[in-house]
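Here's the letter readout for the chains.
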Amino acid sequence: MSAAGPGRRSLVIVGAGPRGTGVLERLAVNARETAGGLALDVHLVDPYPPGGGRIWRREQSPLLWMNSQAQDVTMFTDDTVRIDGPVRPGPALHEWAGIDGRVFADRRSQGGYLRWVFERAVAELPDGVTVHHHATRALRVGGPRHGRQQVWLEDRPRPLLADAVVLTQGHLDAEPDDEQRRLSAYAERHGLVHLPPDFTADSDLSALAPGQDVLVRGFGLAFVDLMVLLTEGRGGRYEGDRYLPSGREPVLHVGSRRGVPYHAKIGYDWDAAAGERPPLPRFLGPAQIDELLSREGGFTFEADVWPLVDKELGYAHYHRLFTAHPERTTMAWTDFEEKYAAATPLGAELRALVASAVPDPADRLDLAALDHPLDGVRYASYEEFQEGLRGRITAGFDRRHDPAHSPDLAVFLGLLSVYGQLVRLGDIGTWWHGFFSFLASGPPGPRVRQLLALSRAGVVRFLGAGMRVTAEDGVFRATGATVPGHVVQARALVEARLPHPTLARTRDRLLRELYEEGAASTPAGLLAVDPADGRVLYRDGSAHPRRFALGPQTNARGAGAFTRPRTNSPAFRQNDATARAVLAFLRDLSCSATAA
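Remember, predicted model here, so these are calculated numbers, not experimental data.

Enquirer: Before we go on, may I ask you to explain the overall build of the protein chain in this structure?
Expert: Scanning the protein chain from terminus to terminus reveals 17 helices and 19 strands. Computed over the C-alpha atoms, the radius of gyration of the protein chain is 25 Å, within 12% of the 25 Å expected from 2.2 N^0.38 for a compact globule of 596 residues. Dimensions along the principal axes, computed over C-alpha positions, put the protein chain at roughly 80 × 65 × 50 Å. Put simply, the protein chain has 596 residues, and 54% of those count as buried. Long-range contacts, defined here as pairs at least 24 residues apart, represent 75% of the contacts in the protein chain between residues at least 6 apart. Working note: accessible area of the protein chain is about 24,400 Å², and carbon and sulfur atoms make up 51% of it.

Enquirer: Would you mind going over the pattern of salt bridges with me for this structure?
Expert: Side chains bearing opposite charge may pair, as long as their charged atoms lie close to each other. Following the criterion strictly, the structure yields 39 salt bridges and no others. Across the salt bridge formed by Arg242 and Glu239, the nearest N and O atoms sit 3.9 Å from each other. The partly exposed category is assigned to Glu239, whose relative accessible area is 41%. Between Asp363 and Arg328 there is a salt bridge, with its nearest N and O atoms 3.0 Å apart. Remark: Arg328 occurs in the loop between α8 (301-324) and α9 (333-342) and Asp363 occurs in the loop between α10 (348-357) and α11 (367-371); sequence separation between them is 35 residues. Given the relative accessible area of 11%, Asp363 is considered buried.

Enquirer: Honestly, unusual backbone geometry in this entry has me stumped. Any pointers?
Expert: Negative phi values dominate among residues other than glycine, just as trans dominates among peptide bonds. Of note, the amide linkage connecting Leu280 to Pro281 takes the cis form, showing an omega dihedral of -5°. Its place among the elements puts Pro281 in the loop between α6 (270-273) and α7 (286-294). Residues other than glycine seldom take positive phi values, yet Asp473 does so here, at roughly 60°. Position of Asp473 among the secondary structure elements: in the loop between β14 (468-472) and β15 (475-479). Even without being a glycine, Arg566 presents a positive backbone phi close to 60°.

Enquirer: I tried to follow the sheet that holds strand β9 (residues 213-217) on my own but got confused; where do I start?
Expert: The strands that make up a sheet pair up through hydrogen bonds in the backbone, lying either parallel or antiparallel. Sheet architecture is open: five strands sit in the order β8-β17-β9-β12-β13, paired in parallel fashion. Edge strands, defined here as strands with exactly one partner in the open sheet, are β8 (193-195) and β13 (460-464). Neighbour to neighbour, the strand axes of the sheet diverge by 20° on average, direction disregarded. As paired strands, β9 and strand β17 (residues 492-495) are joined by three bridges and run parallel to one another. Residue Leu215 lies in a different strand from β17, and its bridge partner there is Leu493. Running over the sheet, helix α4 (residues 178-190) touches β8, β9 and β17 and is turned about 155° from β8.

Enquirer: Is there a simple way to explain the environment of Gly143 in this structure?
Expert: Looking at where Gly143 falls in the secondary structure, it is placed in the loop between β4 (138-142) and β5 (149-153). Classification of Gly143 by relative accessible area gives partly exposed; the value is 36%. As a C-alpha pair, Gly143 and His132 span 11 residues in sequence and 21 Å in three-dimensional space.

Enquirer: I'm lost on the nonpolar core in this one. Help?
Expert: Inside soluble globular proteins, nonpolar side chains tend to come together where they are buried. By size, the foremost hydrophobic cluster in this structure holds 74 residues, and its most contacted members are Leu208, Phe223, Val309, Leu415, Leu422, Trp432 and Phe462. The element best represented in this core is helix α13 (residues 407-422), accounting for nine residues. Excluding its chain neighbours within four sequence positions, the residues that come into contact with Leu415 are Leu313, Trp432, Phe435, Phe436, Leu439 and Ala440. Of all hydrophobic cores here, the second largest spans 49 residues; its members include Leu11, Leu125, Tyr538 and Leu583.

Enquirer: How do you make sense of the pairing of β17 when you look at a structure like this?
Expert: Burial along β17 is two-sided: the residues Ala492 and Val494 and Leu493 and Glu495 are all buried. Looking at chain direction, β8 and β17 are connected through three bridges and run parallel. Pairing of Leu195 across the sheet is with Val494, part of β17.

Enquirer: How do you make sense of the sheet that holds β4 when you look at a structure like this?
Expert: Strand order in the open sheet made by the three strands is β4-β5-β6, with antiparallel pairing throughout. The sheet is open, and its two borders are formed by β4 and β6 (160-162), each paired with just one other strand. Neighbour to neighbour, the strand axes of the sheet diverge by 25° on average, direction disregarded.

Enquirer: Teacher, can you tell me more about the packing of helix α1 (residues 18-34) against helix α3 (residues 107-124) here?
Expert: The packing of two helices is summarised by the inter-axis angle and the distance between the axes. As a packed pair, α1 and α3 sit with axes 9 Å apart at the nearest point and diverge in direction by 25°. Judged by the angle between their axes, α1 and α3 are roughly parallel. Pair α1 / α3 crosses with left-handed handedness. Contacts between α1 and α3 involve Pro18, Thr21, Leu24, Glu25, Ala28 and Arg32 from the first element and Leu114, Val117, Phe118, Ala121, Val122, Ala123 and Glu124 from the second.

About the cut-offs
- Residues numbered from 1 in each chain as written.
- Predicted model: local features only at pLDDT ≥ 70, side-chain atom pairs only at ≥ 80, totals over all residues.
- Heavy atoms only, no water.
- Helix = DSSP H or I, 4+ residues; strand = E, 2+ residues; numbered from the N terminus.
- Rg over C-alpha atoms; globule rule 2.2 N^0.38 Å.
- Buried < 20%, exposed > 50% of the residue type's maximum accessible area, 1.4 Å probe, protein only.
- Contact = heavy atoms within 4.5 Å.
- Areas by Shrake-Rupley, 256 points an atom, 1.4 Å probe, with all protein chains shown as cover.
- Salt bridge = Lys/Arg side-chain N within 4 Å of Asp/Glu carboxyl O.
- Pairing = 2+ DSSP bridges.
- Axes fitted to C-alpha atoms, helices over the stretch in contact; angles between N-to-C directions.
- Core = buried A, V, L, I, M, F, W, Y, C linked by side-chain atoms within 4.5 Å.
- Parallel < 35°, antiparallel > 145°, perpendicular 65-115°, else oblique.
- Left-handed = near helix turned anticlockwise from the far one by under 90°.

What follows is the structure, given as structure tokens:
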């Protein structure tokens, strides 16, 4: 049914980065099959170039890398993705760029790939669909629920009129919390430097002087970017495993809750490890998620979800250990699997089974110990700890590159499986995402080697676990539990982590006003959306018929806007469901107008 008579429809997508591009790709593929001659204007609103958006734009340091190998990055569906719309295969990053799949490409290369994906999606839109890019910010969405929406832009006196709006802004800035405001005010009073949570590529690091002691709170990927920009970015270079300073580097004293860097990416693939992959999901799959969602009294992550996660990851680990390294076990896999399946998660029976079947404690999976590697560990001196942590990091690096420890790779696959299942539960708090990132989304191996070189050169100094920062006597002071009594004093403090995207503190005016007008938030402060199609939910229990949202500011955050090939990506499933819901809504509008 054509919309040519009643007039063109209008869709506004706020955010033209990888998530917005992914939605556009799904719109293009589905429109050819379902839209039936729909005449449509698609307005993309983003101050940054379409495709890469802010995070993957070309105008950033070429020293900043992706955190995934090029072969593990795709924007295209394949036959593993369970969607209602058509599967449209396409090249992964390494295939598009013609590079070694094991390379960690720089972010500008990924931006080029995303731009190409965007242009391909535009080219594949059916006749009658036109795309317009507005290189500005969207400030507000208004309009009645059952009428056209008004999207106000920063540089236009009149709003865009939209039959539907999709919000895909991606990672956003946030107003500082009470602690950050207090620290910033203290720094201003005493002439200190305080850099609150931010996207490191956008931070002004010029205030960090050569040779200056700088406290860094956070040991994840934001720290890795900071480390790179303040070392190689200031003229330093590496010769093998030695770092040759330029003399312009500050001294980075880094600590965190765990006190250790994220685990390095695994440096081999399944072909090198050989053997059967664990058949996942096993104990946390669609049936278990359905059961959790159907409970009248609801569920909690700690009591109801985590036991299933632990058992699923344990299954992946032991399946690999028993099938690939049977000499390190004392019973047949079939016997162990039967008893493991019958045992209560986290129970004494399961622990006894593992202890009897796996003699070496080093071969057993202990997720609590992995999450808190320095718990109870104490060093007598600061220098002893530097050497000790370098040894731990080196041992971890070597393990991640040794197929003899391939149960680690099985657990990684288990983590991906679990993440894909937990997406259906919506907002389950921040702890799980941090745990997942710590084990599965750490830095490339070469970055860990650089960290070790910087530590030996004295440019990076380790503070330990349980890092605490105080502001007193005109300076910042940091302590940690790993070296009791040791205090580091500095006139600069950097919070090496991303802003937390809550509706209450977002700097995105559009989202903040949605919240003020009644949009619902999750317990963690994210924008609540219907998991089925991404429609924005309101505190009165209704779903807005014309407003949709996806991405990290919502409980439909998925596992990232792009993903590894052949993993049934939840992000692709979300993009497809939202695109189809939008097209169905617009088609129904056009049919109604024609009938009238």
